Amino acid sequence: EDEITLFEKDMKEFWIQFKISYSTEQINQTSALRDLCKETIEALSEKWSKKLKEEDLMIDKIQEYNNEILQQSKYVAEKEEQLTEIKSKLNEEEEQQKNLTDSIQELKEELMRKMEIKSSKNEAAKEKVERVSKIKTLFKERLGLEMRRIQDEQLQFIFRHIDHKDPDKPYMFTLSINEQGDYEVTSCTPPLDCIAELQLKLRETNNFSAFVANIRKAFTALSYK
């Protein structure tokens, strides 16, 4: 019985020592594994932290590039819009210049036509004045008629020897050529009721001699009233 008790005691001590030895080894292994895991985790954390920082920097850089591209695109769009406006204004100015050139050309042509018409009228007026001047002497000698050139290129016709009571009494009318190139009586002293009719007939027939003779007849008839 003592041997059994001693054996049991020895066995208990053995298991106690075994457990202590095994636990210590396990603890040491666990601690070493824990330290290795910790170092590995710290290394990975540092590596991924560095990688994340690099990625964050890359993202920031990409965002910065995107912002710069956006700004450049906005700038280009603004310049294109300004260029479009400038082109539109240039087209408008070209159209205005063309219209102005056309208007100037039309005015030149109109002015030339008016100058030609005026020149033609001046020539016609000159011919009529010359025609009147040529018969001036004839009228003065035969009809007691005196003609004077007065202001504004008008001719004044003065008849005498009409009133038998007062041969020197003047009977007169003033004749001009209007803008249309027609004869026009501007004054008549004393006034004649038929002057408008005689003026119209002169314009229709262009017979100046008959016109002057008819006015003299009208003045003569008036002197007897």
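Residues numbered from 1 in each chain as written. Predicted model: local features only at pLDDT ≥ 70, side-chain atom pairs only at ≥ 80, totals over all residues. Heavy atoms only, no water.

- Naming follows an unreviewed UniProt entry, where the chain appears as Kinetochore protein SPC25 of Machaerirhynchus nigripectus.
- Per UniProt, the chain carries the Subunit (unreviewed entry) text "Component of the NDC80 complex, which is composed of ndc80, cdca1, spbc24 and spbc25. The NDC80 complex interacts with mis12 and zwint." (UniProt positions renumbered as here; feature names shortened; annotations may be inferred.)

1. So, the packing of aromatic side chains
Thinking step 1. Within this structure, the stated rule accounts for eight aromatic pairs.
Thinking step 2. Ring pairs connect the aromatic residues Phe 157, Phe 159, Tyr 171, Phe 173, Tyr 183, Phe 208, Phe 211 and Phe 219, which therefore count as one cluster. (Phe/Tyr/Trp six-rings, centres within 6.5 Å; stacked < 30°, edge-to-face > 60°.)

2. Topic: the nonpolar core
Here is a general trend for soluble globular proteins: nonpolar side chains tend to be buried in one another's company.
Thinking step 1. In terms of nonpolar packing, the biggest core is built from 22 residues, with Phe 157, Phe 159, Phe 173, Phe 211, Ile 215 and Phe 219 touching the most fellow members.
Thinking step 2. Of all the elements in the fold, those that place two or more residues in this core are strand 1 (145-150), strand 2 (154-159), strand 3 (171-177), strand 4 (183-189), helix 3 (195-205) and helix 4 (208-223).
Thinking step 3. If you tally residues by element for this core, the top one is helix 4, at six residues.
Thinking step 4. Residues within four places of Phe 173 in sequence aside, it is in contact with Leu 155, Gln 156, Phe 157, Phe 159, Val 185, Ser 187, Cys 188, Phe 211, Ile 215 and Phe 219. (Core = buried A, V, L, I, M, F, W, Y, C linked by side-chain atoms within 4.5 Å. Buried < 20%, exposed > 50% of the residue type's maximum accessible area, 1.4 Å probe, protein only. Helix = DSSP H or I, 4+ residues; strand = E, 2+ residues; numbered from the N terminus. Contact = heavy atoms within 4.5 Å.)

3. A word on the side chain of Ser 223
Thinking step 1. As for its position among the elements, Ser 223 is in helix 4.
Thinking step 2. For Ser 223, the residues in contact, after removing those within four places along its chain, are Ile 162, Asp 163 and Tyr 171.

4. Examining the pattern of salt bridges
Side-chain pairs of opposite charge can arise whenever the charged atoms involved come near each other.
Thinking step 1. All told, the structure shown has three salt bridges when counted by the stated rule.
Thinking step 2. Among the ionic pairs, Arg 148 bridges to Glu 146, the shortest N-O distance being 3.1 Å. (Salt bridge = Lys/Arg side-chain N within 4 Å of Asp/Glu carboxyl O.)

5. Structural notes on a negative patch on the surface
Thinking step 1. A surface patch of negative charge is lined by Glu 54, Glu 55, Asp 56, Asp 60, Glu 64 and Glu 68.
Thinking step 2. Inspection of the secondary structure puts Glu 54 in helix 1 (residues 2-134). (Patch = residues over 30% accessible without salt bridge, like charges linked within 9 Å, V, L, I, M, F, W, Y side chains within 5 Å. Areas by Shrake-Rupley, 256 points an atom, 1.4 Å probe, with all protein chains shown as cover. Lys, Arg positive; Asp, Glu negative; His and termini not counted. Charge placed at Lys NZ, Arg CZ, Asp CG, Glu CD.)

6. Focus: the pairing of strand 1
Thinking step 1. As paired strands, strand 1 and strand 2 are joined by six bridges and run antiparallel to one another. Considered in strand 2, the bridge of Ile 150 is made with Gln 154.
Thinking step 2. Between the antiparallel neighbours strand 1 and strand 2 lie three residues, among them Asp 152 with a positive phi of about 60°. (Pairing = 2+ DSSP bridges.)

7. Considerations on helix 4
Helical geometry: 3.6 residues make up each α-helical turn, so side chains three or four residues apart lie on a common side.
Thinking step 1. Taking 1.5 Å of rise per residue, the 16 residues of helix 4 would be expected to cover 22 Å, and the 23 Å separating its terminal C-alpha atoms lies within 8% of that figure.
Thinking step 2. Burial in helix 4 covers these residues: Phe 208, Phe 211, Val 212, Ile 215, Arg 216, Ala 218, Phe 219 and Ser 223. For helix 4, the angular spread of buried residues about the axis comes to 160°, placing them on one side.
Thinking step 3. Where helix 4 begins, one side-chain oxygen reaches toward the backbone nitrogen of Ala 210, 3.1 Å away; that side chain belongs to Asn 207. (Expected span 1.5 Å × (residues − 1). Arc of directions from axis to C-beta. Polar contact = N/O pair within 3.5 Å; in protein donor to acceptor, adjacent residues only side chain to side chain.)

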